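Per-entry structural report
Residues per chain, in single letters:
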Amino acid sequence: MDLNIKNICCIGAGYVGGPTMTMMASKCPDLIFNVVDINEKRIASWNHKDLLELPIFEPGLEELITKTRNRNLFFSSNLKKAIESADIIFISVNTPTKKKGLGAGKSSDLKWVEASAREVAKYARGHTIVVEKSTLPVRTAEVIEKILNSAKRNSKREEISFSVLSNPEFLAEGTAIKDLENPDRVLIGGNNKNAMIALSNIYRVWVPEEKILFTNIWSSELAKLTSNAFLAQRISSINAISAICEVTGADVREVSRAIGKDSRIGSKFLDSGPGFGGSCFKKDILNLVYLAEYFGLTEVANFWESVVKINNWHQKRISEIVVKKLFGTVSNKKLVILGFAFKANTNDTRESAAITICKNLLNEGANLLIHDPKVNASQIKNDLNINPKKSVENSNSSLNEKSGNWEFSKTIHNIELFKDAYAVIILTEWEDFKKLNWTDIAKKMVAPAWVFDSRSIVNIDEVRDAGLSLWRIGDGLEDQ
Ligand code: NAD
Ligand code: UGA
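Residue numbers here run from 1 along each chain, matching the order of that chain's written sequence. Numbering of ligands from 1 and lettering of chains from A proceed in the order in which they are written. With the structure being a predicted model, the display of local features is reserved for residues of pLDDT at least 70 and the display and counting of side-chain atom pairs for 80 or more, all residues being used for whole-chain, interface and lining totals. Side-chain numbers come from the whole structure's heavy atoms, not from hydrogens or water.

Okay, the packing of helix α9 (residues 217-248) against helix α11 (residues 281-294) next. In contact at an axis separation of 9 Å, α9 and α11 are set at 115° when each is read in the N-to-C sense. Along this stretch, α9 crosses α11, giving a crossing that reads as left-handed. Residue-level inspection shows L222, L225, N228, A229, L231, A232 and I235 of α9 in contact with α11, the latter providing F281, D284, I285, N287, L288 and L291. Classification convention: Asp, Glu, Lys, Arg as charged; Ala, Val, Leu, Ile, Met, Phe, Trp, Tyr, Cys, Pro as nonpolar; all other residues, Gly among them, as polar. Taken together, the residues of the contact of α9 with α11 break down into ten nonpolar, two polar and one charged. Axis definition: a line fitted to C-alpha atoms, over the contacting stretch in the case of helices. Angles run 0 to 180 degrees between N-to-C directions. In this description a helix means any DSSP run of H or I spanning at least four residues, a strand means any run of E spanning at least two, and both kinds are numbered starting from the N terminus. Handedness of a helix crossing follows the sense of rotation of the near helix relative to the far helix, less than a right angle counterclockwise being left-handed and clockwise being right-handed. Residue contacts follow a heavy-atom distance rule, with two residues in contact if any of their heavy atoms lie within 4.5 Å.

Below is the structure:
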């Protein structure tokens, strides 16, 4: 069967659907890409004239949007129209961990995937390739196929048929455009060779042939979960070692450098930090745990669950260190929190270590002043969701928003932010935070004042010369 592909639809205009379709549209100007979402507000942001209003921040995204939007890339809420005309439909909707019911706390909630499949079943015409772009539990393709095939049986529409493929996305936020432009691999799982070739032809425009892998559909689904589990496991491993460094006098950066030189280990993903965040690592590992438990593989389930458990412990450990260093109490003390996003170069805060650490400090009675260059106050308010104990005193005109015992500052370029602070706690590795003038900052703070650097970004000599005490992640020699 020769599959003539002209129209592509993507259901879900989120962190994956938006950038992925933008990249494809820029590489394939002869194809039409319709990105649809039930969230009309999000669609309006994608269509906003002012590129600063795009719903997600990704370096390089604005340029590509300028090039493609309303040329061959369209954002809308009209699912029916986009599905009807599509030859290929990517399902790129959210698949968070289930909050209640069977499998709650571990398995993925597939209600958005199911709803998407039902929309496809309702409106598709001719032969349609349906692609799982979302990260899904193994054998979800079976569910999608069942929904589509029952639509086919019940349909009065002439000749509708479907091929279901798995094509998981491996982009990381903050480097999404680079990752999409130059992926390590493109994985396509399925059993319909023609459909797999048709999908691969899109990628082949810019991705070298040898990077496009064909597998069976279940391997593709499992490879995505496994990939995230391995990456997260490395971070939990190095974070566990950071705790050993701190009590033995070793330095985790030196240990990382030394082990990373072993070509069998490799140097990437060995930066110890405040604990991994992001919308996917935890959810995908828990999904794997659920799968293992379902098949009675208790030891396998326990092994992977420990990666998440140690991450939770590690985040708690950091807030406890702050409290201990500040003489066992942070009650009523002003602490400046630098960074709220789960990593630099994104506005995403999902599962950010900053949420747990700030909540712990708020519970201890601290007054937090939070700054992140891309996260806004209302997002932080949503994430902290904590009843304020009392109002922060010492507020001044530079603080543009205030909520209970935490405050938000849009800018970091005002030395008064640090006035009367007992500590500065760095939780995200934004470039801006590397350039701070610690001598000026120290003069504003309450001595003995502390800098807690969970991302290893400060210049230690500058901090020390300013007379500040410094704690760095995994540094056994830093305690002053
Ligand atoms: P997201 O929450 O940013 O976006 C999902 C979008 O889907 C939302 O805008 C939502 O309104 C929309 N949606 C839900 N149901 C819909 C429906 N029935 N019809 C139309 N639109 C609907 O999620 P995301 O971060 O883009 O992740 C999407 C999937 O990709 C997840 O499975 C995730 O695990 C996976 N993934 C994410 C990343 C990442 O970096 N965020 C990377 C690789 C894979
Ligand atoms: C991760 C994977 O890297 C992507 O391949 C995958 O597609 C994506 O999940 C997904 O499925 O959602 P992402 O979560 O966007 O991407 O970002 P990462 O760069 O992986 O960082 C995840 C977390 O680990 C962040 O909190 C980051 O600060 C932390 N991290 C990362 C470390 O603490 N140390 C490191 O060395 C690397």
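Bringing unusual backbone geometry into the picture now. The omega torsion of the bond from A447 to P448 falls at -5°, within 30 degrees of zero and hence cis. Of note, the phi angle at F269 is positive, near 60°, even though the residue is not glycine. Within the secondary structure, F269 sits in the loop between α10 (252-260) and α11. Residue class for F269 comes out partly exposed when judged on its relative accessible area of 38%. For D420, which is not a glycine, the phi torsion comes out positive at approximately 65°. Residue burial is assigned from relative accessible area. The probe radius is 1.4 Å, only protein chains are included, and a residue is buried under 20% of its type maximum, exposed over 50%, and partly exposed in between.

Another point: the site of ligand 2. When we say a residue is near a molecule or strand, we mean one of its heavy atoms is within 4 Å of it. What surrounds ligand 2 is a group of 19 residues, the closest being F170, L171, D271, C280 and R455. Definition of a polar contact: a pair of N or O atoms within 3.5 Å, with one able to donate and the other able to accept a hydrogen when the atoms are protein atoms, and with sequence-neighbouring residues admitted only if both atoms are side-chain atoms. Here L270 contributes a backbone N or O atom positioned 3.4 Å from an oxygen atom of ligand 2. With four residues, the single largest contributor to the shell around ligand 2 is α9. Here the shell around ligand 2 is composed, by residue class, of eleven nonpolar, two polar and six charged. An automatic or database domain assignment provides the domain bounds reported here. Counting contributing residues per domain, the shell around ligand 2 is built from domain 1 (7-215) and domain 2 (310-472), each supplying no fewer than three.

Take the pairing of strand β1 (residues 7-11) next. Among the five residues of β1, five are classified as buried, and the element is accordingly described as predominantly covered. Burial along β1 is two-sided: the residues N7, C9 and I11 and I8 and C10 are all buried. Only strands that DSSP links by at least two bridges are regarded as paired with each other. Where β1 and strand β2 (residues 32-36) come together, five bridges link them in parallel fashion. Within the sheet, the bridge partner assigned to C10 lies in β2 and is V35. Crossover handedness is defined by viewing with both strands directed away from the observer: a clockwise path from the first strand over the helix to the second marks the crossover as right-handed. Viewed along the sheet, the connection from β1 through helix α1 (residues 17-27) into β2 turns out right-handed. Inspection of the sheet shows β1 paired to strand β4 (residues 88-91) by four bridges, in the parallel sense. When the bridges of β4 are listed, I8 appears paired with I88.

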